[in-house]
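Understanding the architecture of this molecule
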Amino acid sequence: MLAVAVLAAGKGTRMKSELPKVLQPLAGATLVERVLGSCRHLAPDRQLLIVGHQAERVEASLAALEGLEFVLQQPQNGTGHAVQQLLEPLQGFSGDLLVLNGDVPLLRPETLEALLEQHRSRGAGVTLLTARLDDPSGYGRVMADASGRVSAIVEHRDCSPEQRLNPLINAGIYCFNWAQLAAVLPRLSSDNDQGELYLTDTVAMLESATHLEVADAAEINGINDRIQLAQCEAVLQERLRRHWMAEGVSFVDPSSCTLSEGSRFGRDVVVEPQCHFRGHTEVGSGCRIGPGCLLENARLGAGVEVLYSVVRDAVVGAGCSIGPYAQVRPGSNLGERCHLGNFVEVKSSSLASHVKVNHLSYIGDADLGAGVNVGAGTITANYDGVRKHRTVIGAGSKTGANSVLVAPIQLGENVTVGAGSTLTRNVPSGALALGRARQLVKENWAGPQG
Ligand code: UD1
Ligand code: MG
């Protein structure tokens, strides 16, 4: 049997934030989501999250997860005190307890598997993850002999100058034999610099304590302040970019781009500098993105080109070309081979295939049929001051430059709208619609004489 407990009750004082530390985001997911994700594949029999500081907020953020038991630690008197809260919910449980610090978000699933494997094969009381760091400051130091036996963990602030030279650090990830841990937990004392109960003190009380050293120390980076948060973000971004490069995506300047874990790319996508992919974005094969784009929850078909533009919560059909300087806002759906040019904004609108909106337009709450050509400066006036209304333009229609279509309004198919028109009434298919002052020309007019 396996139980997993994630420690997430601490305030995270060093973050200097209103947000509990475990809810800080990293590449689009919170720290605690990441930690829970790193052990999901182990299919634990029980999953417990220890909450305390802003417990309701932490619980609410994870409400969608099934099978997670929340255990309240009040007040937060240290990591040992946190694990003492499990004595009741895990009464009678027999098996191993994997304890994960909620602020160590980059663990690889394989590493946890290896930890569990070593722990079980050696029948240890506790097996903990360690790393050798060039700069171990801040971390607890692990006192271990050459055979891997651990005699104690001493927190940085409690270390003697000599102990501080020890580069072997405690990652905050432990596999315990639960029965043995439960027997020593009540004996923890707060005789240390912080006056807290330390989970790390149980190690010296257990019969056999061993450790597993990770090869890649970046994996066990703990996040206590914003500098470490930024360092972890950099590690994650590097991992994501390498993953997608291995899958056939080219990045012209990789380090200038950021990706979310939920973003997906087809083959032969080229990403130019300064592009950012957030949420669940999907980029079809052969797309060329950038430079200078932000795509969030965007779904792009194959062969789309986007240049210096923003696309959010929208679908873009194959072969479309967007930008430079266009904005596709939520609820928009572009058919195949549409063109959006400079300073064009599209919102909650559906464009059938081959629609062109090339310059300086606002298309909001509109439905445009296939092949519609929207002239420069055309605006759908969708808002009457209280409500939004729709504009419908039939296939093959063309609007002249600087047209205003006052919604609700419907234009049939193959309609032509004269330049500078302000239309407030529907137009039947095949018609020419003009809604502007007639031009006045006064010949041989000298103008006011002085
Ligand atoms: C801890 C370890 C240290 C290790 C480091 C690795 C202890 C005493 N020290 O130190 O040896 O090198 O992690 O990153 O365990 N928490 C609670 N309740 C509390 C206190 C903390 O749930 O009362 C949670 C925090 O939310 C956090 C985790 O425990 O997720 C670790 O707490 P933190 O204060 O960050 O410990 P460190 O000083 O980093
Ligand atoms: Mg920490």
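Residues numbered from 1 in each chain as written. Chains lettered and ligands numbered in written order. Predicted model: local features only at pLDDT ≥ 70, side-chain atom pairs only at ≥ 80, totals over all residues. Heavy atoms only, no water.

1. Brief notes about the overall build of the chain
From N to C terminus, the chain includes eight helices and 38 strands. Compactness check: the chain gives a C-alpha radius of gyration of 31 Å against a globular reference of 22 Å for 450 residues, more than 25% above the reference. Principal axes of the C-alpha set define a box for the chain whose edges measure 105 × 55 × 45 Å. Counting the 450 residues in the chain, one finds 50% classified as buried. Long-range pairs, those at least 24 residues apart, make up 41% of the contacts in the chain with a sequence separation of at least 6. Counting every atom, the chain has about 21,000 Å² of accessible surface; 48% of that belongs to carbon and sulfur. Put simply, the chain has 39 plus and 46 minus side-chain charges, and the middle of one group is 10 Å from the middle of the other. (Helix = DSSP H or I, 4+ residues; strand = E, 2+ residues; numbered from the N terminus. Rg over C-alpha atoms; globule rule 2.2 N^0.38 Å. Buried < 20%, exposed > 50% of the residue type's maximum accessible area, 1.4 Å probe, protein only. Contact = heavy atoms within 4.5 Å. Areas by Shrake-Rupley, 256 points an atom, 1.4 Å probe, with all protein chains shown as cover. Lys, Arg positive; Asp, Glu negative; His and termini not counted. Charge placed at Lys NZ, Arg CZ, Asp CG, Glu CD.)

2. Looking at the environment of Gly 375
Within the secondary structure, Gly 375 is located in the loop between β30 (373–374) and β31 (379–381). Excluding anything up to four places from it in sequence, Gly 375 contacts His 359, Ser 361, Thr 399, Gly 400 and Ala 401.

3. A word on the domain arrangement of the chain
A common measure of how large an interface is: the accessible area buried when the components associate. Domains assigned within the chain are domain 1 (2–226) and domain 2 (243–433). Computed over C-alpha atoms only, the centres of domain 1 and domain 2 are separated by 48 Å. (Domains from an automatic or database assignment.)

4. A closer look at the sheet that holds strand β19 (residues 299–300)
If you walk across this open sheet you meet the nine strands as β13-β16-β19-β22-β25-β27-β29-β32-β35, and the pairing is parallel. In this open sheet, the two edge strands, each paired with only one partner strand, are β13 (264–265) and β35 (409–411). Note: strand β29 (residues 366–368) against strand β32 (residues 391–393), three bridges, orientation parallel. Residue pairing across strands places Asp 367 opposite Val 392, the latter belonging to β32. (Pairing = 2+ DSSP bridges.)

5. Comments concerning the coordination of the magnesium ion (ligand 2)
Coordination of the magnesium ion (ligand 2) by the protein involves Asp 103 (OD) and Asn 224 (OD1), with metal-donor separations of 2.2 to 2.3 Å. Of the two residues, Asp 103 sits in the loop between β6 (96–101) and α4 (109–122) while Asn 224 sits in the loop between β11 (209–213) and α8 (226–246), which places them 121 residues apart along the sequence. The burial state of Asp 103 is the same as that of Asn 224; both residues are buried. (Donors = N, O, S within 2.8 Å, 3.2 Å for Na, K, Ca; no water.)

6. A word on the pairing of strand β7 (residues 126–132)
Most of β7 sits inside the fold, with six of its seven residues counted as buried. Pairing of β7 with strand β10 (residues 168–177) involves six bridges; the strand directions are antiparallel. Following the sheet pairing, Arg 132 is matched in β10 by Leu 168.

7. Brief notes about the site of ligand 1
Not every one of the 23 residues close to ligand 1 is listed here, only the nearest: Leu 7, Gln 73, Thr 79, Glu 155 and Asn 170. Between ligand 1 and Asp 103, the relevant distance is 2.9 Å, taken from an oxygen atom to a side-chain nitrogen or oxygen of the residue. The contact in question runs from an oxygen atom of ligand 1 to an N or O atom on the side chain of Asn 224, over 3.2 Å. Burial of ligand 1 by the protein amounts to 91% of the accessible area it has alone, namely 760 Å². Listing elements by their share of the shell around ligand 1, those giving two or more residues are β1 (2–8), α3 (79–84) and β10. Residues of the shell around ligand 1, tallied by class, amount to seven nonpolar, twelve polar and four charged. (Near = heavy atom within 4 Å. Polar contact = N/O pair within 3.5 Å; in protein donor to acceptor, adjacent residues only side chain to side chain. Nonpolar A, V, L, I, M, F, W, Y, C, P; charged D, E, K, R; others polar.)

8. Let's talk about the nonpolar core
One finds Ile 289 and Leu 340 to be the most contacted residues of the largest nonpolar core, which totals 58 residues. A per-element tally of this core places α8 first, with five residues. Each residue touching Leu 340, except ones within four places of it in the same chain, is listed here: Ser 321, Ile 322, Gly 323, Ala 326, Val 328, Leu 334, Val 346, Leu 351 and Val 357. (Core = buried A, V, L, I, M, F, W, Y, C linked by side-chain atoms within 4.5 Å.)

9. Quick look at unusual backbone geometry
Backbone geometry follows two general trends: most residues other than glycine have a negative phi, and most peptide bonds adopt the trans configuration. Residues Gly 290 and Pro 291 are joined by a peptide bond in cis, for which omega reads 5 degrees. The step from Gly 323 to Pro 324 runs through a cis peptide bond, and the omega angle for that step is 5 degrees. Residue placement: Pro 324 occurs in the loop between β23 (321–322) and β24 (326–328). The backbone of Asp 313 sits at a positive phi, close to 45 degrees, despite the residue not being glycine. A residue is classified by how much of its surface remains accessible, and Asp 313, at 37% relative accessible area, is partly exposed. You will see that His 354, though not glycine, has its phi angle at about 60 degrees, which is positive. Along the chain, His 354 turns up in the loop between β27 (350–351) and β28 (356–364).

10. Focus: the side chain of Gln 73
In this fold, Gln 73 is placed in the loop between β5 (68–72) and α3. Once you skip the residues sitting within four places of it in the chain, Gln 73 turns out to touch Ala 9, Ile 50, Val 51, Gly 52, Gly 78, His 81, Ala 82 and Gln 85.

11. What to know about the pairing of strand β26 (residues 339–347)
Bridge analysis of β23 against β26 gives two bridges, and the strand direction is parallel. Along β26, the bridge assignment pairs Ile 322 with Leu 340. Across three bridges, the pairing between β24 and β26 is parallel. Directly across from Gln 327, in β26, lies its bridge partner Glu 345. Here β26 pairs with β28 via seven bridges, running parallel. The residue bridging Val 346 from the neighbouring strand is Ile 363, located in β28.

12. Section: the packing of aromatic side chains
The full count for this structure, using the stated rule, is five aromatic pairs. Between Tyr 325 and Phe 343 the ring centres are 5.5 Å apart and the planes differ by 10 degrees, which places this aromatic pair in the stacked class. Note that Tyr 325 is positioned in the loop between β23 and β24 and Phe 343 in strand β26, a separation of 18 residues in sequence. The exposure class of Tyr 325 is partly exposed, given its relative accessible area of 44%. Positioned over the ring face of Tyr 383 is Lys 388, at 5.4 Å from the centre of the ring. (Phe/Tyr/Trp six-rings, centres within 6.5 Å; stacked < 30°, edge-to-face > 60°. Lys NZ or Arg CZ within 6 Å of the ring centre and 35° of its normal.)

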